[in-house]
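Reading the structure
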Amino acid sequence: MESLATPRRAGSSQRVLPRHARAHNLTLLLRTLFHGGAMSRADLARETGLTRVTTSDLVAHLLERELVVEKGVRAPSGPGKPAVLVDLDRHGIQVVALDLAGAEENVGALMDLTGAVLDRRIRTRATVGSGDDAVDEVVDLARSLVDVADGRVLGVGVGSPGIISEDGQVLEAPNFGWEAVPLRDRLEDALGVPTVVGNDANAAALAEHTFGQAEPDMFLVRVGRGVGGALLVRGELVVGSAQAAGEIGHVQVGEGDGPECACGKTGCLEAWLSVPQLTRMLEEADASHPGGDRAHEQVLREAGGRLALVLAPIVGALNLSDVVIAAPHELFGGTLLDAALEKLRSHTLSRFHTHVRLRVPLQSDDLVLQGGLVMVLSAELGVS
Ligand SMILES: [Zn+2]
């Protein structure tokens, strides 16, 4: 379908053409409905500052394109005709979202625009690290979800580990053996549905921004099979000079001590913190000190402390108040989080950073999937 999104980088010297103004206004209406919920045309006109005539004309266009629906009438509060409410077609429009960053599996979901999961599929990877076959697995998973949609599929949104270019190429994802894989194009060619591919941590940050309680300035650390991160400044993702902003997994914490990392260095944050590494170190501690909690706790405290050492300069430089750790709550929510917060406070100038909030959302499992939804909404409707 024709994209409604306004170009993000329209040069300032460009003249605003009437059709640009119309696209802009359509986006404005969709955005207002997305955040405000069902409302009458008169409400919409008031909220957006557009005239009633323009609003009615644009709503008619959106109705025709089946992006909005009429939702019945509001009980009249005075004399006159009761107002017909319009809203985004939150249940009829659906999105397929994929999370490729799990430790051993790809997860896919068919979602409606409220973020509700209508169908969920989990596929254990058969072909980790074997390039093309891994792409085929992703395409098959997405296709199985497009096929069960009972509404119209607006797009496919994919959160993938690795460095992703703006046009949806996975420039590098060592765990999949991917190098310059045009994942977006492969999915679009196979499914005929508009597709957006983004880094998994970036997707999670967008989800926390749209559906969660993120502050406009936020750092998100995503921990799964690897460790990634994403930075929001004033509600916008910071992409970085080589699309790798927030990638803190292979920052060495300390002077080369610590566990060996898959990248060949020693003591990278990922070697302290990734779910497989942490699980293995906890198992070793439990095996060498059966029945004793102290060794177990010490592993969690050490990992939390190392995380804080990486976070401290980021929090300090940007004066952040909100750091989200998107990770399994049972591993990260207790001792590890406490130790990280304690060390973060002691390593930053306390007067300006006492209010920093470090949190592990309870429901972080679906953050990347929700991020896939947000990326499609943004690309196709200009809504975020
Ligand atoms: Zn490393």
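In this text, all values refer to a predicted model and were calculated from it rather than measured experimentally.

Focus on the overall build of the protein
A tally of helices and strands in the protein yields 13 helices and 16 strands. With the principal axes as the frame, the protein shows a C-alpha extent of 75 × 50 × 45 Å. Going through the 384 residues of the protein one by one, you find that 50% of them count as buried. The contacts in the protein between residues at least 6 apart in sequence include a share of 61% that link residues at least 24 apart. Side-chain charges in the protein split into 35 positive and 51 negative, and the spacing between the mean points of these groups amounts to 9 Å.

Re the coordination of the zinc ion
Protein-derived coordination of the zinc ion comes from His250 (ND1), Cys261 (SG), Cys263 (SG) and Cys268 (SG), at a distance range of 2.0 to 2.3 Å. The coordination sphere of the zinc ion comprises four donor atoms, whose angles at the metal cover 101 to 122 degrees; the geometry is tetrahedral. Donor residues for the zinc ion sit on one chain with the sequence pattern H-x10-C-x1-C-x4-C.

Observations concerning the pattern of salt bridges
Scanning the model with the defined rule gives 20 salt bridges in all. Notably, a salt bridge pairs aspartate 200 with arginine 222, separated by 2.7 Å at the nearest N-O pair. Of the two residues, aspartate 200 sits in helix H6 (residues 200–211) while arginine 222 sits in strand E12 (residues 218–223), which places them 22 residues apart along the sequence. What makes aspartate 200 buried here is its relative accessible area of 10%. Arginine 222 sits in the buried class, given a relative accessible area of 8%. Residue glutamate 208 is joined to arginine 359 by a salt bridge in which the shortest nitrogen-to-oxygen separation is 3.0 Å. With glutamate 208 in helix H6 and arginine 359 in strand E16 (residues 357–359), this residue pair connects regions lying 151 residues apart in the sequence. Overall, the relative accessible area of 12% leaves arginine 359 in the buried class. Salt bridges here are not isolated pairs; linked through shared partners, they connect Glu208, Glu215, Asp322, Arg357 and Arg359.

Some remarks on the domain arrangement of the protein
For the protein, the domain assignment lists domain 1 (18–88), domain 2 (93–205 + 367–381) and domain 3 (213–360). For domain 2 versus domain 3, the distance between C-alpha centres works out to 26 Å. Counting from both sides, the interface comprises 20 residues of domain 2 and, opposite them, 14 residues of domain 3. Counting every contact that joins domain 2 to domain 3 gives two salt bridges. When residues of the side of domain 2 that touches domain 3 are traced back to their parent elements, those giving at least two are strand E8 (163–164), H6 and helix H13 (367–381). In terms of residue class, the side of domain 2 that touches domain 3 is made up of 11 nonpolar, five polar and four charged.

Considerations on the sheet that holds strand E13 (residues 227–233)
Spatially, E14-E13-E12-E15-E16 is the arrangement adopted by the five strands of the open sheet, whose pairing is mixed. The strands lining the two open edges of the sheet, one partner per strand, are strand E14 (236–237) and E16. Inspection of the sheet shows E12 paired to E13 by six bridges, in the antiparallel sense. Bridged to arginine 222 within E13 is glycine 228. Where helix H9 (residues 293–318) meets the sheet, it contacts E12, E13, strand E15 (322–326) and E16, and its direction lies at approximately 160 degrees from that of E12.

Structural notes on the pairing of E13
Within E13, six of the seven residues are buried, leaving the element largely enclosed by the surrounding structure. Hairpin connection from E12 to E13: three residues lie between these consecutive antiparallel strands. Between the end of E13 and the start of E14, which pair antiparallel, lie two residues, with arginine 234 showing a positive phi angle near 50 degrees.

Details of the layout of surface pockets
Reported here for the second largest pocket is a volume of approximately 720 Å³. For the second largest pocket, the lining is made up of 31 residues, of which Asn175, Gly226, Val227, His250 and Glu270 are closest to its centre. Counting residues per element, the ones that place at least two in the lining of the second largest pocket are strand E9 (170–173), E13, helix H7 (269–273) and helix H8 (275–288). Of the residues that constitute the lining of the second largest pocket, the class distribution is 13 nonpolar, 11 polar and seven charged. A domain-level breakdown of the lining of the second largest pocket finds at least three residues from each of domain 2 (93–205 + 367–381) and domain 3 (213–360).

Rules behind the numbers
- Residues numbered from 1 in each chain as written.
- Predicted model: local features only at pLDDT ≥ 70, side-chain atom pairs only at ≥ 80, totals over all residues.
- Heavy atoms only, no water.
- Helix = DSSP H or I, 4+ residues; strand = E, 2+ residues; numbered from the N terminus.
- Buried < 20%, exposed > 50% of the residue type's maximum accessible area, 1.4 Å probe, protein only.
- Contact = heavy atoms within 4.5 Å.
- Lys, Arg positive; Asp, Glu negative; His and termini not counted.
- Charge placed at Lys NZ, Arg CZ, Asp CG, Glu CD.
- Donors = N, O, S within 2.8 Å, 3.2 Å for Na, K, Ca; no water.
- Tetrahedral: all angles 85-135°; square planar, octahedral: opposite > 155°, others 65-115°.
- Salt bridge = Lys/Arg side-chain N within 4 Å of Asp/Glu carboxyl O.
- Domains from an automatic or database assignment.
- Nonpolar A, V, L, I, M, F, W, Y, C, P; charged D, E, K, R; others polar.
- Pairing = 2+ DSSP bridges.
- Axes fitted to C-alpha atoms, helices over the stretch in contact; angles between N-to-C directions.
- 1 Å grid on protein atoms, 1.4 Å probe; cavity = no way out; pocket = protein on both sides within 12 Å on 5 of 7 lines; lining within 4 Å.
- Points joined across faces, edges and corners; volume = space filled by probe spheres on them.

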